[in-house]
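For reference, the chains in residue letters:
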Amino acid sequence: MGAGLSPSVRAAFAAIVGAANVLTDADARSGYERDWTGRFVGSTPAVVRPRSVDEVVDCVRLCAAEGLAVVPQGGNTGLVGGGVPLAGEVVLSTRRLDHLSAIDTVAAQVTAGAGVTLGAVQDAARAHGLRYAVDLAARHSATVGGTVATNAGGLHVVRYGATRAQLAGIEAVLGDGSVIRHLGGLAKDNTGYDLAGLLCGSEGTLAVVTAARLRLVPRPAHAVVALVGLPDPSTAVEAVAAWRAVLPDLEAAELFLAAGMNLVCDTVGLRPPFAARPPVYVLVEVAGAEDPTDRLAAALEGTGVEHDAVAVATDERRRAELWRYREEHTTAINTLGPPHKLDVTLPLGALGRFVDEVPGIVAAVAPAARTWLFGHVGDGNVHVNVTGLAPDDDRVDGAVLEAVAGRGGSISAEHGIGTAKRRWLALNRSPAELAAFAALKHALDPAGILNPAVLLG
Ligand code: 2HG
Ligand code: ZN
């Protein structure tokens with residue numbers, strides 16, 4: 001219990017955050033020590049739970065003085081082993097930094113503490129006819145801090161971009177305990193380095209994000225979702241490109257395959273949407289101030305979609321039902337044991353072929369493993385999930401990531417590098433880029449205490 005933390009350090013943490021917020025009992029720590037897939041399990045001497053930026057500063061300074069490594073953790077919904085203490089780090093939980101400002105309806109912005117969930121931001125924005133453009137299945141657990149630290153993508157990148165595009169300012173504590181606070185939210189602010197943009201996606205290696213100024217977008221009055229069956233992945237990529245060209249308000253374009261549909265239906269107890277069982281499904285959402293249903297129907301017609309393989313939903317309940325076929329993939333796959341999750345982007349022109357080829361790439365290394373493919377087809381982003389592998393057997397990971405890089409893709413589209421993909425970072429980043437990364441790390445975290453096992457390792 002609390003191994004590695006001396007009584008005096010424990011007392012010093014307690015003096016900062018209160019004894020009740022220094023968790024050292026095994027039961028209290030366990031939820032912070034494993035990721036939710038169960039693939040990444042570590043241990044920590046203590047979880048500390050600061051309530052204010054000043055408390056974060058004092059915790060970081062104490063860790064720097066004591067030479068203690070720190071893993072910042074938000075909602076612990078990450079998928080690359082970047083937010084759990086795999087090397088015995090102290091866990092700094094940001095969940096109690098949960099202050100949400102009043103919505104600034106003139107600027108369409110809000111300032112959110114790192115521990116505010118995406119769902120809470122949405123609820124607050126909804127009351128003012130606004131919406132936060134980053135949305136994802138883990139919305140009620142994932143936090144602003146974690147999603148900023150990882151530059152999370154989610155379901156609407158095709159229209160609004162990822163988290164970095166929503167950031168109008170940031171507050172963060174650097175590795176030496178100094179505070180960067182730039183939360184004014186000016187639409188134009190061209191005064192040098194974009195620190196918010198830099199810290200967004202830095203995965204807790206440069207700073208602990210404590211708050212963010214977020215842009216909000218108008219909540220559309222109308223939305224329509226269509227689930228479409230298609231014959232193969234390349235047809236799906238081409239169809240989405242055609243729809244995008246005529247539907248500037250395309251909000252989401254998601255792809256999954258028959259095997260995933262069947263697994264979701266069996267696991268969650270849903271009825272398949274069509275009598276026919278098409279090999280590929282694409283879910284599209286279009287939303288705007290005017291009802292887009294007719295425009296979406298015309299776009300589908302224009303690409304020759306079969307009428308018996310399309311389901312359209314305009315009311316909220318039915319839209320949510322169609323989304324469940326896609327959003328339940330992660331939960332359904334998790335019932336098969338800890339998956340390996342390879343979140344990759346391909347150039348759109350190479351995506352269809354990659355989806356066809358990747359099961360063979362996996363089978364060549366691990367014939368008994370199963371490959372599950374789904375993702376954000378509008379972004380070229382496919383989530384390659386592989387089940388039936390030991391958690392630490394990363395031969396398949398290597399084979400798939402090398403294939404991705406060889407086709408001009410990225411080994412991380414939206415989940416980050418974490419610890420899981422660290423050894424393959426050089427597939428995407430040149431020696432000069434990695435040297436710049438190391439220089440930034442040294443400058444902002446001179447003692448090297450912030451998430452030292454992540455990204456650069
Ligand atoms: C999603 O798109 C998430 O649902 C999770 O990014 C992906 O479970 C995954 O691999
Ligand atoms: Zn995703």
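Since the model is a prediction, treat every value here as computed from it, not as a measurement.

Observations concerning the coordination of the zinc ion (ligand 2)
Part 1: Around the zinc ion (ligand 2), the protein supplies His376 (NE2), His383 (NE2) and Glu414 (OE) as donor atoms, at distances of 1.9 to 2.1 Å.
Part 2: For the zinc ion (ligand 2), all donor residues lie on one chain, and their spacing in sequence is H-x6-H-x30-E. Separated by 38 residues along the polypeptide, His376 in strand 16 (residues 370–376) and Glu414 in the loop between helix 14 (395–406) and helix 15 (431–444) bring together distant segments of the chain.
Part 3: Judged by relative accessible area, His376 falls into the buried class, the value being 4%.

Comments concerning the pattern of salt bridges
Part 1: Scanning all chains against the criterion turns up 21 salt bridges.
Part 2: Measuring nitrogen to oxygen at the nearest pair gives 3.2 Å for the salt bridge that ties Glu328 to Arg324.
Part 3: Glu328 gets classed as buried once you look at its relative accessible area, which sits at 18%.
Part 4: The class for Arg324 is partly exposed, based on a relative accessible area of 34%.
Part 5: In this structure, Glu357 engages Arg353 in a salt bridge whose closest nitrogen and oxygen atoms are separated by 3.2 Å. Here Arg353 and Glu357 lie together in helix 13 (residues 348–365), a separation of 4 residues that amounts to about one turn.
Part 6: By relative accessible area, which is 60% here, Arg353 ends up exposed.
Part 7: What emerges from the salt-bridge pattern is a single network uniting Arg131, Arg159 and Glu251.

Overview of empty space enclosed by the protein
Part 1: Evaluation of the coordinates by the stated rule reveals 3 cavities of 30 Å³ or more.
Part 2: When its volume is computed, the largest cavity comes out at roughly 50 Å³.
Part 3: Around the largest cavity, the lining residues are Pro233, Val237, Leu255, Leu351, Val355, Phe374, Gly375, Val377, Asn381 and Val382.
Part 4: Taken together, the residues that form the lining of the largest cavity break down as 8 nonpolar, 2 polar and no charged.
Part 5: Approximately 40 Å³ is the volume found for the second largest cavity.
Part 6: Lining the second largest cavity are Asp35, Thr37, Arg39, Phe40, Leu79, Pro339 and Lys341.
Part 7: Class assignment for the residues of the lining of the second largest cavity results in 3 nonpolar, 1 polar and 3 charged.

Procedures and definitions
- Residues numbered from 1 in each chain as written.
- Chains lettered and ligands numbered in written order.
- Predicted model: local features only at pLDDT ≥ 70, side-chain atom pairs only at ≥ 80, totals over all residues.
- Heavy atoms only, no water.
- Donors = N, O, S within 2.8 Å, 3.2 Å for Na, K, Ca; no water.
- Helix = DSSP H or I, 4+ residues; strand = E, 2+ residues; numbered from the N terminus.
- Buried < 20%, exposed > 50% of the residue type's maximum accessible area, 1.4 Å probe, protein only.
- Salt bridge = Lys/Arg side-chain N within 4 Å of Asp/Glu carboxyl O.
- 1 Å grid on protein atoms, 1.4 Å probe; cavity = no way out; pocket = protein on both sides within 12 Å on 5 of 7 lines; lining within 4 Å.
- Points joined across faces, edges and corners; volume = space filled by probe spheres on them.
- Nonpolar A, V, L, I, M, F, W, Y, C, P; charged D, E, K, R; others polar.

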